[in-house]
Amino acid sequence: MAWPILAGIGLVAAAAVPAEQLQDLSIEELSNIKVTSAGKREEPLSQAPASLFVITNQDIVRQGATSLPEVLRLAPNLDVQRVDARQYAVTARGFQGYETANKLLVQIDGRSIYSTLADSVYWDLFDTPLEDIDRIEVISGPGGTLYGANAVNGVINITTKDARDTIGVLARGTAGNLEQTGLLRYGAPIGADGAIRVYAEGWNRQGFPSSGKRVIDDGGTGWQTGFRGDFGSGADQFTLQGDLFKHYYDSGADQGDDGQNILGRWTHTHSDGAQTQVQGYYTRFARQFTLVFDRLATTDISVQHNRTEGRHSIVVGGGARMTRDKFVNNLNIFQLVPQSKTLWIYNAFAQDRIDLGGGVAVTGGLKLEKTTFTGVELLPSVRLAWQPSPDHLLYASAARAVREPSRIDRDLTAVGILDGSTFSAERLTALEIGYRGQPARNVSLSVAAFYNLYDDLRSTKPTPVTVVPFRLANGIKGHTFGVEAWGSAQVTDWWRLSAGISTLDKSFHLKPGEIDAQNFISLGNDPDYHVQVGSRFDFTPTLGLDVQVRHYASRPNPKVPAYTDADARLGWRVAPAVELYVAGNNLFHDKRPESEDVSRGQLIPRIVYVGARFGL
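Calculation notes
- Residues numbered from 1 in each chain as written.
- Predicted model: local features only at pLDDT ≥ 70, side-chain atom pairs only at ≥ 80, totals over all residues.
- Heavy atoms only, no water.
- Helix = DSSP H or I, 4+ residues; strand = E, 2+ residues; numbered from the N terminus.
- Buried < 20%, exposed > 50% of the residue type's maximum accessible area, 1.4 Å probe, protein only.
- Contact = heavy atoms within 4.5 Å.
- Pairing = 2+ DSSP bridges.
- Core = buried A, V, L, I, M, F, W, Y, C linked by side-chain atoms within 4.5 Å.
- Phe/Tyr/Trp six-rings, centres within 6.5 Å; stacked < 30°, edge-to-face > 60°.
- Lys NZ or Arg CZ within 6 Å of the ring centre and 35° of its normal.
- UniProt positions renumbered as here; feature names shortened; annotations may be inferred.
- Salt bridge = Lys/Arg side-chain N within 4 Å of Asp/Glu carboxyl O.

Peer 1: Would you explain the environment of Asn585 in this entry?
Peer 2: Along the chain, Asn585 turns up in strand E33 (residues 578-585). Exposure remark for Asn585: the relative accessible area of 11% places this residue in the buried category. Distance in space between the C-alpha atoms of Asn585 and Asn525 is 23 Å, their sequence separation being 60 residues. Residue contacts for Asn585: discarding those within four places in its chain leaves Ala566, Asp567, Pro605, Arg606, Ile607 and Tyr609.

Peer 1: For this particular structure, what's the right way to read the sheet that holds strand E9 (residues 154-160)?
Peer 2: The strands making up a sheet associate through backbone hydrogen bonding, with each pair oriented either parallel or antiparallel. Taken in spatial order, the five strands of this open sheet run E3-E8-E9-E6-E7, and their pairing is mixed. Of all the strands in the sheet, the pair left with one neighbour each is strand E3 (51-56) and strand E7 (111-112). As paired strands, strand E8 (residues 133-140) and E9 are joined by seven bridges and run antiparallel to one another. The residue of E9 that forms the bridge with Glu137 is Asn157.

Peer 1: Is there a simple way to think about the nonpolar core in this case?
Peer 2: Of all hydrophobic cores here, the largest spans 43 residues; its most connected members are Ile55, Leu72, Leu78, Trp123, Ile136 and Ile156. Mapped onto this core, the elements with two or more residues apiece are E3, helix H3 (68-72), strand E5 (88-91), strand E6 (104-108), E8, helix H4 (144-147) and E9. With four residues, the single largest contributor to this core is E6.

Peer 1: Would you explain the packing of aromatic side chains in this entry?
Peer 2: Think of a pair of aromatic rings as described by two things: how far the centres are apart, and how the planes are tilted against each other in angle. One pass over the full model with this rule turns up 11 aromatic pairs. Between Phe95 and Tyr454 the ring centres are 5.1 Å apart and the planes differ by 65 degrees, which places this aromatic pair in the edge-to-face class. Separated by 359 residues along the polypeptide, Phe95 in the loop between E5 and E6 and Tyr454 in strand E26 (residues 443-462) bring together distant segments of the chain. Here Tyr454 falls in the buried class, since its relative accessible area comes to 2%. Measuring from ring centre to ring centre gives 5.9 Å for Tyr454 and Phe508, while their planes differ by 45 degrees; the resulting arrangement is tilted. Of this pair, Tyr454 sits in strand E26 while Phe508 sits in strand E29 (residues 505-510); the two residues are 54 residues apart in sequence, bridging distant segments of the chain. On the basis of relative accessible area, Phe508 is assigned to the buried category, the value being 16%. Taken together, the ring pairs in this structure connect Trp494, Trp495, Phe537 and Phe539 into an aromatic cluster. Over the ring of Tyr122 we find Arg287; its NZ or CZ atom is 3.9 Å from the centre of that ring. Sitting above the plane of the Phe95 ring, Lys506 keeps its charged end 5.9 Å from the centroid.

Peer 1: I keep staring at the UniProt feature "domain: TonB-dependent receptor plug" (unreviewed entry) in the protein chain and nothing clicks. Help me out?
Peer 2: In the UniProt entry, the feature "domain: TonB-dependent receptor plug" (unreviewed entry) is given for residues 45-155. For the annotated span residues 45-155, helix accounts for 14% and strand for 28% of the residues, and the straight-line distance between the end C-alpha atoms is 16 Å.

Peer 1: Can you walk me through the environment of Gly212 in this structure?
Peer 2: You can see Gly212 is positioned in the loop between strand E12 (194-205) and strand E13 (220-231). With a relative accessible area of 69%, Gly212 lands in the exposed category. Separated by 391 residues in sequence, Gly212 and Leu603 place their C-alpha atoms 9.2 Å apart.

Peer 1: Help me understand the pattern of salt bridges in this model?
Peer 2: Any two side chains of opposite charge can pair, given that their charged atoms come close. As enumerated under the stated definition, the model contains 49 salt bridges in all. Between Glu377 and Arg400 there is a salt bridge; the shortest N-O distance is 3.6 Å. Residue Glu377 is found in strand E22 (residues 375-389), and its partner Arg400 is found in strand E23 (residues 392-403); the two are separated by 23 residues along the sequence. As a salt-bridge pair, Lys511 and Asp455 come within 3.5 Å of each other at their nearest N and O atoms. Taken together, the residues Lys511 in the loop between E29 and strand E30 (529-540) and Asp455 in strand E26 connect sequence positions 56 residues apart. Accessibility expressed as a relative area gives 19% for Lys511, which makes it buried.

Following this line, the structure appears as structure tokens:
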């Protein structure tokens, strides 16, 4: 496929943001950055009673990543695993694996990208321009009360910039040994109170080396284009945005992905400060690979109202979602029956944060969710927070969350092997305590300890009468516990050091009378811990180096050896609007295993590339 976007050697003239916008926020500024994920209302990060890590736009630009999952490696409370040249698995608090990382809900500007067809996030389908992202809020821990089913072990909220903040031209290009990318964006004002931006981006990724256990042609090319418009002033704000993409696989001329989405949002601020928001979106994607086709279309509408009454900060809302899927398999005998189906989810929720005085607040909430497969689910939560001073926050929480059955969970069949199931929701009761604060003026620290009780996890058992066929059941229960901690220190004016660690201990067993023919494969493949250390150097106002080193303990099944690796980026602003940089991923190894997925895992190679960004 010809490259319509990349030009020359990849050092494309790029319209960048002004130089001062690429400077780091101070430790104090980071602690007061506004977040919305913990309570669906704007609050400083220092007051959010949750294990919440924020990736800012400055972090993204300075990391030099070329895909969204690589950016997520910055979050120490996430386990990011690259499977091959295109595909990733991302999880929080366990259950890692391409097919088992199904307990993490992901949203882009309020639009869910979680697939109800297979209970997964297809990361290779979502190429949001990284320069357009304002921030990424990563919550580890359940979010069912506010976000509903499938927000079990965490929520990732990706917020892109208002179009009024992206006026001008931006272009960026990178070229490396295994990957080339390019972006062109233009933003213009519309009237006195509005603006619109449009963009086009493309990528080309060569296939990764085989592990010797399988032969996969995993390279490909792709393009995406889209727009965002923001309008209004004062009480009323309106956003309209959409994207269109097409990807091509090297494995065959007729293989690839395509999709589109459109979202509209109206926000009204009342005279008393209360706020009402109405949002609707439509999204669709289709995938075609060897003799297999699947498609998922989602229509969603939601309403939310926030207000403050005395000591009460209240958020209420509700919505409805319809999904329509299709799965056609001519490769083997596994089929969805029926091939296409419409599913519905209805929900209503309320949450109240009560200020008890003395820095103490209690937050209680409940969501009622009705789904096609499992009927009504109740998703409650309660949080107690104490902020003895602006620099220190202690909290404790308890919550319930569920993972709803996907279409594959309920309707996948294979004659003589797998029968249709009555698989119901997987359930979690989670307990957590945590601290966030600034022990010193130039030091920030966040620590959370969790204990998760799981029930009705997926197992495979014989049908009641015969040994075969098998069916999916809810035969596994158990618990996990662990600690997540991260912090940063401004060592000098020109050097910032950061570090994070996440530990996980798992204990699961079969419920009485149950068996699992797949030997607990649904529990994923997790390390006991992973650690990362980051160092940011500003040698001069125009020359900076960012290095991140990560270490993962070994994974047991399939066996993946422990590894230590590093990413780095050296950037030089040669003019106020022009930056050149060189970056590399996986610098410690020529190639190494990271996934060992039995059907798709490839070796992960060293990748080095150069790039440029220029701005007007």
